[in-house]
Amino acid sequence: MDGKRWLSVVVIFVVLILVGLFFHDDLPASLFRRDQQQQTTTSLPASFAWLMNLIQGIITGDDNTADSEPHKRLRGAQSPNLTTCHLSLSDADRPVYCCPLKPESEEPIIDFEFPSPSDEPIKIRRPAHLVDEAYIAKYTEAVDRMRRLPPDHPHNFIRQANMHCIYCTGAYNQANSSALLKIHRSWFFFPWHRIFIYFHERILGKLIGDDTFALPFWNWDSPEGMVIPNFYMNSSLNDVDRDLGHLPPMVTDINFDYVESGLSPEAQVSSNLAFMYNQMVSGARKPELFIGCPSRAGEEGACDGPGTIELAPHNALHTWVGSAGQPEREDLGAFYSAARDPIFYAHHANIDRLWTVWEDLNGGREVAGGEFLNDPDWLDSHFYFHDENARLVRVRVRDCLDMSKLRYRYEEVKHPWLNAKPKPTNPPSAARNTLRQSIDFGPTGRTLDATLRTSVRRPRPHRTKKEMEKEEEVLVVHGIDIKKDMYVKFDVYVNAVDEARTLEYGPEAREFAGTFVNVRHGVRLVRREGDSQMKTKSTLKLGISELLADLEADEDESILVTIVPRGGTGVNTTVDGVRIEYMK
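Criteria and thresholds
- Residues numbered from 1 in each chain as written.
- Predicted model: local features only at pLDDT ≥ 70, side-chain atom pairs only at ≥ 80, totals over all residues.
- Heavy atoms only, no water.
- Helix = DSSP H or I, 4+ residues; strand = E, 2+ residues; numbered from the N terminus.
- Buried < 20%, exposed > 50% of the residue type's maximum accessible area, 1.4 Å probe, protein only.
- Areas by Shrake-Rupley, 256 points an atom, 1.4 Å probe, with all protein chains shown as cover.
- Polar contact = N/O pair within 3.5 Å; in protein donor to acceptor, adjacent residues only side chain to side chain.
- Pairing = 2+ DSSP bridges.
- Axes fitted to C-alpha atoms, helices over the stretch in contact; angles between N-to-C directions.
- Parallel < 35°, antiparallel > 145°, perpendicular 65-115°, else oblique.
- Left-handed = near helix turned anticlockwise from the far one by under 90°.
- Contact = heavy atoms within 4.5 Å.
- Disulfide = S-S within 2.5 Å.
- 1 Å grid on protein atoms, 1.4 Å probe; cavity = no way out; pocket = protein on both sides within 12 Å on 5 of 7 lines; lining within 4 Å.
- Points joined across faces, edges and corners; volume = space filled by probe spheres on them.
- Nonpolar A, V, L, I, M, F, W, Y, C, P; charged D, E, K, R; others polar.

S.K.: Mind showing me how you'd approach the overall build of the protein chain here?
M.R.: The secondary structure content of the protein chain amounts to 17 helices and 17 strands. The proportion of buried residues among the 584 residues of the protein chain is 59%. When the accessible surface of the protein chain is summed, it comes to about 24,100 Å², and 52% of that surface belongs to carbon and sulfur atoms.

S.K.: I would appreciate a short explanation of the environment of Thr84 in the present structure.
M.R.: Among the secondary structure elements, Thr84 is positioned in the loop between helix H3 (69-74) and strand S1 (88-89). By relative accessible area, which is 6% here, Thr84 ends up buried. As a C-alpha pair, Thr84 and Leu180 span 96 residues in sequence and 9.8 Å in three-dimensional space. Within the structure, the side chain of Thr84 is placed 2.7 Å from the backbone oxygen of Asn81, a separation counted as a polar contact.

S.K.: Please explain the sheet that holds strand S12 (residues 512-518) as it appears in this structure.
M.R.: Taken in spatial order, the 4 strands make up an open sheet running S9-S15-S11-S12, and their pairing is antiparallel. Whereas interior strands pair on both sides, the edge strands pair on one side only; in this sheet they are strand S9 (452-457) and S12. The average undirected angle you get between the axes of adjacent strands in this sheet is 20 degrees. Bridge count between S9 and strand S15 (residues 558-565): 6 bridges; the pairing is antiparallel. By the bridge assignment for S15, Thr454 is matched with Val561.

S.K.: Got a minute to help me understand the packing of helix H6 (residues 189-207) against helix H10 (residues 343-361) in this structure?
M.R.: Each pair of packed helices can be described by the angle between their axes along with the distance between the axes. Put simply, H6 and H10 touch, their axes get as near as 10 Å, and they point 125 degrees apart. It follows from the interaxial angle that H6 and H10 lie oblique. You can see that H6 and H10 cross each other, and the crossing is left-handed. On H10, the residues that touch Phe189, Phe190, Pro191, His193, Arg194, Phe196, Ile197 and His200 of H6 are Phe344, Tyr345, His348, Ala349, Ile351, Asp352, Trp355 and Thr356.

S.K.: I would appreciate a short explanation of the state of the cysteines in the present structure.
M.R.: According to the stated counting rule, one finds 3 disulfides in the structure shown. Between the sulfur of Cys98 and that of Cys165 lies a disulfide, 1.7 Å long from S to S. Of this pair, Cys98 sits in the loop between strand S2 (95-96) and strand S3 (109-111) while Cys165 is found in helix H5 (residues 157-169), placing the two residues 67 residues apart along the sequence. Considered together, Cys98 and Cys165 belong to a single accessibility category, that of buried residues. Through a disulfide, Cys293 is tied to Cys303; the S-S separation comes to 2.0 Å. Given an S-S torsion of about 85 degrees, the disulfide between Cys293 and Cys303 has right-handed geometry. Of this pair, Cys293 sits in the loop between helix H8 (287-291) and helix H9 (308-321) while Cys303 sits in the loop between H8 and H9; the two residues are 10 residues apart in sequence, bridging distant segments of the chain. For Cys293, a relative accessible area of 7% translates into the label buried.

S.K.: In this structure, what is going on with empty space enclosed by the protein? I would like to understand it.
M.R.: To find leftover empty space, a probe the size of one water molecule is rolled over the atoms. Per the stated rule, a full pass over the model turns up 4 cavities of 30 Å³ or more. Within this model, the largest cavity holds a volume of roughly 70 Å³. Residue lining of the largest cavity: Glu104, Pro154, Arg159, Gln160, Met163, Phe196, Phe199, His200, Phe385 and His386, and that is the complete set. At the level of elements, H5, H6 and strand S5 (382-386) are the ones that each hand at least two residues to the lining of the largest cavity. A breakdown of the residues in the lining of the largest cavity according to their chemical character gives 5 nonpolar, 3 polar and 2 charged.

Here it is, written out as structure tokens:
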């Protein structure tokens, strides 16, 4: 460190002592221990916390520690405080403790570096239904070795699964905040899971000495892959906690709502493809609609607005695979236990692949992401993972965005859902002649104990062609309040005037706008006085520009919105209202 920086540190050190004397606080002995940038400051006055962050920035040469506009933006980035791992609860109020036996805060931390292109081959992830016996034997052996590792080893299979548990139940507080850090239901969903399975894959390869080893992906968006791959039924890749009625050769229901669809295999495939078209294309034309809402640091920065794919098929397939015989549909059906099922990794590999497919459909990563992709609050947020050499690695979101730098790719497959665009079930003119009425949601919202119908005014029904090209019209169901952390699902339709006919077609009806799914994800047990307990209501945003055009309703003054609770799950859920927004 240069002389200038040392002088700055000395000056700030003196100021810190004077401030401490002024407040008569007892400074802890560990005040000046860096703990790899994870020293907790919750017991210190705010001035101490600010000064300690400033000292750390000067020591490390981080220019963003200055009181400048970049620094103000950087404060919105998130990371876990590794000293705060605590007990959580499942939503059946059973204690869940996912924390490692040895606190990660005691380990040395290194920054992530991309693998060298000259030293490492590109790993090719193949569809699970197409892998051969030799691959299955190799994969089985790798997972078997992972299961046999000591419980305190970071590569142990359950320890790997508990990493997901930690980050999905909020077992870590955010750094420099009492707010919790969670990676579901926001823009962290895609990058966190990408790097999680990236390291899981590399660890498996290390265990069998194969640097070409790649995870398979469960290709459930293609008809050939819409069945649980058979090899997940055997030996170390099996999980006894799965729904016995959904095992091979049962066709997956990627829009599952706890109630069996009753469709024939052919009809289920058709429904799945139409649903994929909505979730990948017409309902996901803007980054926030696909990736999820921007979640920033602290309580005030929290959001709960999942993207299309996270809601379903992601959430829906978690519950479809999970065991109906378990109280929370464990393993895959409850987030705290989901990664205990080896099929979790194939499921998320396909989710990861669809992220790249969506980027390609929307002009490539830079074009598809736009300003959203360049937000420093997203790019600078970081998490911690053990790499294949058992080193604790700090990985930023910006490190997760380019698969070519991560040295893996997916085998090309067809996307039959691109040709599965739904058709209207009613003549578009019928909607204009239907009596519509706006309902009063009241100060406490409306309970979804039955189908809800309301007319919604469109603020700008006569947009110019240029405006329509730049903006997406978005239907917003806001203030979704789930009274208990439980599974909830409801579907949303637009201009479903022949309601019975439209609901019978489900996602194959063009009137289908999208779905909301809340999977049980656990709530934390407050461990320390002052820790955040704030509850965030959810928001569902559905892109409807293409849908309105197909229904010939793009110049109508209002639309009829129908919210249909599924599987009796809406009785503990209220909604504050429905409105139209425009997203650039």
